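Observations on the model geometry
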There are 2 protein chains.
Amino acid sequence: MNEVDSEFFRKSFSEWARLSEEEKRLIVTHSKLVRYKKGQNIHGNKGGCTGALLVKSGSLRIYLLSDEGREITLFRMYEGDVCMLTASCVLTSITFDVFVDAELDSEVYIVCPNALGELMRNNVYVENYALRKTTERFSEVMWTMQQILFMSFDRRLALFLLKELEKTGGDTVRLTQEQIAKYTGSAREVVSRMLKYFAGEKLVEVSRGGVRVLDPAALKAFAGD
Amino acid sequence: MNEVDSEFFRKSFSEWARLSEEEKRLIVTHSKLVRYKKGQNIHGNKGGCTGALLVKSGSLRIYLLSDEGREITLFRMYEGDVCMLTASCVLTSITFDVFVDAELDSEVYIVCPNALGELMRNNVYVENYALRKTTERFSEVMWTMQQILFMSFDRRLALFLLKELEKTGGDTVRLTQEQIAKYTGSAREVVSRMLKYFAGEKLVEVSRGGVRVLDPAALKAFAGD
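Note that this is a predicted model, so its numbers are computed, not measured. (Residues numbered from 1 in each chain as written. Chains lettered and ligands numbered in written order. Predicted model: local features only at pLDDT ≥ 70, side-chain atom pairs only at ≥ 80, totals over all residues.)

Time to look at the overall build of chain A. Helices and strands together make up the secondary structure of chain A, namely eight helices and 11 strands. Oriented by its inertia axes, the alpha-carbon framework of chain A measures out at about 65 × 35 × 30 Å. Looking at chain A as a whole, 35% of its 225 residues are labelled buried. Long-range contacts, defined here as pairs at least 24 residues apart, represent 69% of the contacts in chain A between residues at least 6 apart. (Helix = DSSP H or I, 4+ residues; strand = E, 2+ residues; numbered from the N terminus. Buried ≥ 20, exposed ≤ 12 C-beta atoms within 10 Å, placed from the backbone. Contact = placed C-beta atoms within 7 Å.)

Right, dumping it as structure tokens:
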């Protein structure tokens, strides 16, 4: 790992200054930079322990997958974000499995679970950091769950479309209805029906290329935002 | 707080031995034992910070509540269980609100958030403990969420009835359909319809007093357990 990488680690791990030189060396030499293509799976098989993830560039999607293949997006990660849920073998209090895909071409540092485990045993501040990062995800996931469980789907879909546009700019969400269903934890038919309703209300226009938002203000009002 | 109480704290907090005598005194003198009647609310108003909970006796239910009044049970707590989600003012990584009710007449130690915050700032092992307890709840909550989001309701209801009997013994779940709906995060009509279906299958018998399970083995098979 070169100087630039060490610098990126220093900036990304808030507890970096708490590590001894030897511990810094341990973590740096046991991390590898992996490049993933858009759509590629990074973590997922049951029981697997990939290690901690640190995103250098791109975007990752963390989701649950049911036995029937239904997906629920829990959160996304961008540059500088750290994820510990993929290191459940060293965080024994985590007993559930998530899946991680690259949503764009991405570069990800993967910190080897053995090295991480050794650090956590020897330096309580590292364990503290890992647990705190996990608790932050807990809050994020709870937010998502409340949206899914409590909000009616019309409001959720409106919010989703608006959030996508915020991210990509422009006026068109370039996703298939299948993808929208996946990302909102719904079924394609439900998405299709709701988009038809939105189109009827002149909120959106549905085409092969995606969903064009005609009236963002009205959609926003609809989302109750 | 008397000797017996200190002993209960020692047994319940795994990090007790990491505390100095002064810290132990701080926590004990800033905890109060509160008695709640069955059904009474313990924690809930938005923005409120009750403190950490330690159950001395009884049973608590921790749940989410939507704006429309829909409840989703996240987990339950029994003797010796500790909950940090009610101390979100000292655990800044927790940004969501839960509700807590006594499900039975219960005795609960409430640890003052200020004292807890002071301890967490001064003793990294206490912060560690609080975060670890929270992460364990994260896992528990994720399990529940997956049941709700992914399992079809028939299997969920079958599992719920079996679990209740495991807890109470006997062959009858003495809950109203309204209560069952609440505890399974569903609607009364859905519960009613499914129980009718179960009754048709000779799995249960529904009466005013509750739901009698006629064929636990068949219900178990139905739950896919």
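Once you've had a look at it, read on.
So, about the packing of helix H5 (residues 153–168) of chain B against helix H8 (residues 216–223) of chain B. For any two helices packed against each other, one specifies the crossing angle of their axes together with the interaxial distance. Residue and element names in this part refer to chain B. Remark: H5 packs on H8, axes separated minimally by 8 Å, with the N-to-C direction vectors making an angle of 140°. By the angle between their axes, H5 is oblique relative to H8. Along this stretch, H5 crosses H8, giving a crossing that reads as left-handed. Contacts between H5 and H8 involve Arg 155, Ala 158, Leu 159, Leu 161 and Leu 162 on the former and, on the latter, Pro 216, Leu 219, Lys 220, Phe 222 and Ala 223. Grouping the constituent residues of the contact of H5 with H8 by class yields eight nonpolar, no polar and two charged. (Axes fitted to C-alpha atoms, helices over the stretch in contact; angles between N-to-C directions. Parallel < 35°, antiparallel > 145°, perpendicular 65-115°, else oblique. Left-handed = near helix turned anticlockwise from the far one by under 90°. Nonpolar A, V, L, I, M, F, W, Y, C, P; charged D, E, K, R; others polar.)

Mapping chain A onto chain B calls for a rotation angle of 180° and an axial translation of 0.0 Å; the resulting RMSD is 0.1 Å. Both copies of the chain, as the preceding transformation shows, are related through a two-fold rotation axis. Both copies present the same face, since 100% of the interface residues in chain A are matched by interface residues at the equivalent positions in chain B. (Least-squares fit on C-alpha atoms with pLDDT ≥ 70 in both.)

Before going further, it helps to spend a moment on the packing of H5 of chain B against helix H6 (residues 177–184) of chain B. Residues and elements named next belong to chain B. Interaxial distance between H5 and H6 falls to 11 Å at its minimum, and their mutual angle equals 110°. Taken together, the axes of H5 and H6 lie roughly perpendicular to each other. Between H5 and H6, the residues in contact are Arg 156, Leu 157 and Phe 160 and Ile 180, Tyr 183 and Thr 184, respectively. When the residues that make up the contact of H5 with H6 are grouped by side-chain class, the tally is four nonpolar, one polar and one charged.

This next bit is on the interface of chain A and chain B. Contact with chain A, which involves 27 residues of that partner, is made by 27 residues of chain B. Among the elements that line the side of chain A that touches chain B, the one with the most residues is helix H4 (residues 124–150) of chain A, at 18 residues. A breakdown of the residues in the side of chain A that touches chain B according to their chemical character gives 15 nonpolar, eight polar and four charged.

A positive phi angle, near 60°, is found at Lys 202 of chain A, a position not held by glycine. Within the secondary structure, Lys 202 of chain A is located in the loop between helix H7 (188–200) and strand E10 (204–207).

Atom-level detail of predicted coordinates should not be read off regions where pLDDT is low. With 96% of its residues at a pLDDT of 70 or more, chain A shows a mean pLDDT of 88. Here the predicted complex scores 0.74 on pTM and 0.73 on ipTM. (pLDDT = per-residue confidence, 0-100.)

Attention now moves to the sheet that holds strand E2 (residues 41–43) of chain A. Residues and elements named next belong to chain A. Spatially, E2-E7-E4-E5 is the arrangement adopted by the four strands of the open sheet, whose pairing is antiparallel. A strand with exactly one partner marks an edge of an open sheet, and here the two such strands are E2 and strand E5 (71–77). Averaged over all neighbouring strand pairs, the angle between strand axes comes to 35°, with direction disregarded. (Pairing = 2+ DSSP bridges.)

What follows concerns the pairing of strand E10 (residues 204–207) of chain B. One face of the sheet, then the other: side chains in a regular strand alternate in exactly this way. Residue and element names in this part refer to chain B. In this sheet, strand E11 (residues 210–213) lies alongside E10 in antiparallel orientation, the contact comprising four bridges. Considered in E11, the bridge of Val 206 is made with Val 211. The hairpin turn running from E10 into E11, its antiparallel successor, is two residues long.

As judged from the two bridges shared by strand E9 (residues 172–173) of chain B and E11 of chain B, these two strands associate in the antiparallel manner. Note that in E11 of chain B the partner of Val 173 of chain B across the bridge is Val 211 of chain B.

Here we come to the sheet that holds strand E5 (residues 71–77) of chain B. Residue and element names in this part refer to chain B. One open sheet holds the four strands; their spatial order is E2-E7-E4-E5, and the pairing between them is antiparallel. Sheet topology places strand E2 (41–43) and E5 at the edges, where each strand pairs with a single neighbour. When the angles between neighbouring strand axes are averaged without regard to direction, this sheet yields 35°. As paired elements, E2 and strand E7 (residues 99–102) share two bridges and run antiparallel to each other. Opposite His 43, over in E7, you have Val 100 as the bridge partner.

Turning to the environment of Arg 70 of chain A, a few remarks are in order. Along the chain, Arg 70 of chain A turns up in the loop between strand E4 (60–65) and E5. Residues Arg 70 of chain A and Gly 51 of chain A lie 19 residues apart in sequence; the distance between their C-alpha atoms is 25 Å.

All right, on to the environment of Leu 74 of chain B then. With respect to the helices, strands and loops of the structure, Leu 74 of chain B is situated in strand E5. A C-alpha to C-alpha distance of 8.9 Å links Leu 74 of chain B and Val 98 of chain B, two positions 24 residues apart in sequence.

All names here are of chain B. By the secondary structure assignment, Thr 184 is in helix H6. For the pair Thr 184 and Leu 157, spaced 27 residues apart in sequence, the C-alpha separation works out to 7.2 Å. Ignoring any residue separated from it by four or fewer positions in sequence, one finds Thr 184 in contact with Arg 156, Leu 157, Phe 160 and Val 191.

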